[in-house]
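Understanding the architecture of this molecule
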Amino acid sequence: MKVGVFLSAKLPERGGGFTFESELFDALTELAPYSAHSFVICSQEKETPQQISSVKNIDFLSFHLSFQERWRYQLARVRKFLSIKLRHPRSKFKIEGWYDDFILKYVVENGINFILYINPFYFYKSLLDLPYVTVLWDLQHQLQPYFPEVSANDEWERREKLYAVKLRRASTIITGTEAGKAEIERFYQVPTQRIRILPLPTPQFALDAPVCPDLSLLEKYNIPNNYLLYPAQFWSHKNHVGLLLAIKLLREKYNLIFPLVFIGSDRGNELYVRQMVAELELSKQVHFLGFVPQEDLMHLYRDAFALTFVSFFGPDNLPPLEAMALQCPVIASNVSGAKEQLGDAALLVDPKDVEQIALAIKSLWDDSTLRQELIQRGLKRATKWRAIDYVKGICSILDEFEPIRRCWSSKELYQQK
C-alpha cells in the first residue's frame, strides 16, 4: 500500500505530542526501506525533511500554500460551483471546505490509498472514504469533562464531533493499554477487533542520553540539590496545585523542604499556579523554568531527586518513561491504565490525596534502598518498548489490512467530490 503519514507542524513547545510524533517519524525513517509498503509524509511544512531526502520507500508531500495560491484555489472553486449552479439552479452553493478538497485532490493524485494519523487531533473529512489507522491518547473529555481544557470554548463539542466520526470509521485504532481499549469500546461502540494495543514507547533521546550528569545546569537555572521535577505544560489537569500542597505539607508536618521545579509552556493556567505559590508561601521553594531545550531536560531528569507526575489524565504519559530511562525515580498518579503502563517501576498515588503524594516523596527520602530499586525497575521498564517497536506494530497492522485494501481503487474519489 501507499501510506500517507500525516504529521502536524513540528513545534517542540507542544510537549509530549511533539516528542511522540518526532520519535515515530525517526523510527519510520529507519524501518521504511525494509517495508513492503511505501510511505508519503504529508505535512503543511514547506521543505522536505532532511532525514528522508534519500531514504527508500519514503516521499514527502507538502500541503503548504502561499497566500496567492490559496486565493487562486478558492477562486477556481467558486467558478466550479457557479458552473454547477447555472446547470442545476436548485443545487446548494457551497465553497467552504475548499482546503479539505485541495488535500483530497493531492492525496489521490499522488496515489495514496491508506492514511496513518499519528496525531489523534489530525483529521480531514474529505479523506474519510480512504481507510485509515489513527492513534488515540485518551478520552478524558468523556471521563473528566469538567476540566476547562476539554470543555471550555466548545472544546468538548469539538472533540466529541471529531471522535464520533474518526474513531467509528477507523480501520484500526491504536491505544496504549487495555484500559484505553475498554474506554473506546464503551464510549464509541467500536468492535474490539478494530482496536490494537501498542504500548507508548520510551523516547529514544532519553535512552541514548549521556550517563554523566551536568551539574552546571543547577547553576544555570539557579536550582538547589534534591529537587522534585515536574515537566508538564500548565493545564489545570496536570494538578500543579496538588503538588504544591504536598510540598507545603512536607515542610510543615515533617520539616522536609524540597525544591520543586516546574518545566513547561503556559496553556492558560500558569498565572493561577503562580498565585497559589504566593498564597502558600512557597516562592523560595518553587522554580518556574518555562520551556527548556531537550538537552537540558535530560540532565534535569538525571539530577532530580524524583519525578512527581501527578496528572489527573491518562492512561498514557511520556514523562514517567523519560524519567525511568534517565535513572530518575518516578512518583505518578494511579489513574486508569497507569499500572499497565508503569508496572512496579513507579510509586503510584491518588492525585486527589495530598497526603498520599507527600508520603510517597517522604518514603524515597527515608528509604534510599527503595529509591534505588525504583531506579533499577524503571531502567528495565524503559528499555522494554521503543519507538522502533511501535512502528513495527504499525507495519504489522498495515500488512494485515493490505489484502483488504487491494480490492478497490481510489481514483474516483476526487471526481465524486
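As the structure is a prediction and not an experimental result, all values here were calculated from the model. (Residues numbered from 1 in each chain as written. Predicted model: local features only at pLDDT ≥ 70, side-chain atom pairs only at ≥ 80, totals over all residues. Heavy atoms only, no water.)

As for the pattern of salt bridges
- Tallied over the entire structure, the rule returns 13 salt bridges.
- Here D350 ties to K352 by a salt bridge, and the two come within 3.4 Å at their closest N and O atoms.
- Linking E373 and R377 is a salt bridge whose minimum nitrogen-to-oxygen distance equals 3.3 Å. With E373 and R377 both in helix α15 (residues 368–382) and four residues apart, the pair spans about one turn of that helix.
- R377 sits in the partly exposed class, given a relative accessible area of 31%. (Salt bridge = Lys/Arg side-chain N within 4 Å of Asp/Glu carboxyl O. Helix = DSSP H or I, 4+ residues; strand = E, 2+ residues; numbered from the N terminus. Buried < 20%, exposed > 50% of the residue type's maximum accessible area, 1.4 Å probe, protein only.)

What about the side chain of S171?
- Residue position: S171 is located in the loop between α5 (155–169) and β6 (172–175).
- Relative accessible area serves as the criterion here: at 15%, S171 is assigned to the buried category.

What to know about the packing of helix α1 (residues 16–31) against helix α16 (residues 387–405)
- Two elements in contact, α1 and α16, have axes whose closest approach is 8 Å; the angle formed by their N-to-C orientations is 70°. By the angle between their directions, the pair α1 and α16 is classed as roughly perpendicular. Between α1 and α16 lies a crossing whose hand is right-handed. Packed against α1, whose contacting residues are F20, E23, L24, A27, L28, E30 and L31, the element α16 presents A387, I388, Y390, V391, K392 and I394 at the interface.
- For the contact of α1 with α16, the class distribution of residues is ten nonpolar, no polar and three charged. (Axes fitted to C-alpha atoms, helices over the stretch in contact; angles between N-to-C directions. Parallel < 35°, antiparallel > 145°, perpendicular 65-115°, else oblique. Left-handed = near helix turned anticlockwise from the far one by under 90°. Contact = heavy atoms within 4.5 Å. Nonpolar A, V, L, I, M, F, W, Y, C, P; charged D, E, K, R; others polar.)

Observations regarding the sheet that holds strand β12 (residues 330–333)
- Strand order across the open sheet formed by six strands is β10-β9-β8-β11-β12-β13, with parallel pairing between neighbours. Strands at the two margins of the open sheet, each flanked by one partner only, are β10 (286–290) and β13 (347–349). Adjacent strand axes in the sheet meet at a mean angle of 25° when their direction is disregarded.
- Taken together, the three bridges between strand β11 (residues 306–309) and β12 define a ladder with parallel strand orientation. Within β12, the residue paired with T308 across the bridge is I331.
- Here helix α14 (residues 354–366) sits on the sheet in contact with β8 (228–231), β11, β12 and β13, set at roughly 165° to β13. (Pairing = 2+ DSSP bridges.)

Topic: the sheet that holds strand β3 (residues 58–62)
- The strand order across the open sheet built from seven strands is β3-β2-β1-β4-β5-β6-β7, with neighbouring strands paired in parallel fashion. Because the sheet does not close on itself, it has two edges, and the strands there are β3 and β7 (195–197). Strand-to-strand twist across the sheet, computed as the mean angle between neighbouring axes with direction ignored, equals 20°.
- In this sheet, strand β4 (residues 114–117) lies alongside strand β1 (residues 2–6) in parallel orientation, the contact comprising four bridges. Residue pairing across strands places V3 opposite F114, the latter belonging to β4.
- Sheet contacts for helix α6 (residues 178–188): β6 and β7; angle to β7, the most-contacted strand, approximately 165°.

Some details on the nonpolar core
- By size, the foremost hydrophobic cluster in this structure holds 102 residues, and its most contacted members are F20, F39, I41, L244 and F262.
- With nine residues, the single largest contributor to this core is α16.
- Ignoring anything within four residues of it in the chain, the contact list for F20 reads I118, V135, W137, L200, P201, L318 and Y390.
- Residues L61, I112, L130 and L136 belong to the second largest nonpolar core, which totals 33 residues. (Core = buried A, V, L, I, M, F, W, Y, C linked by side-chain atoms within 4.5 Å.)

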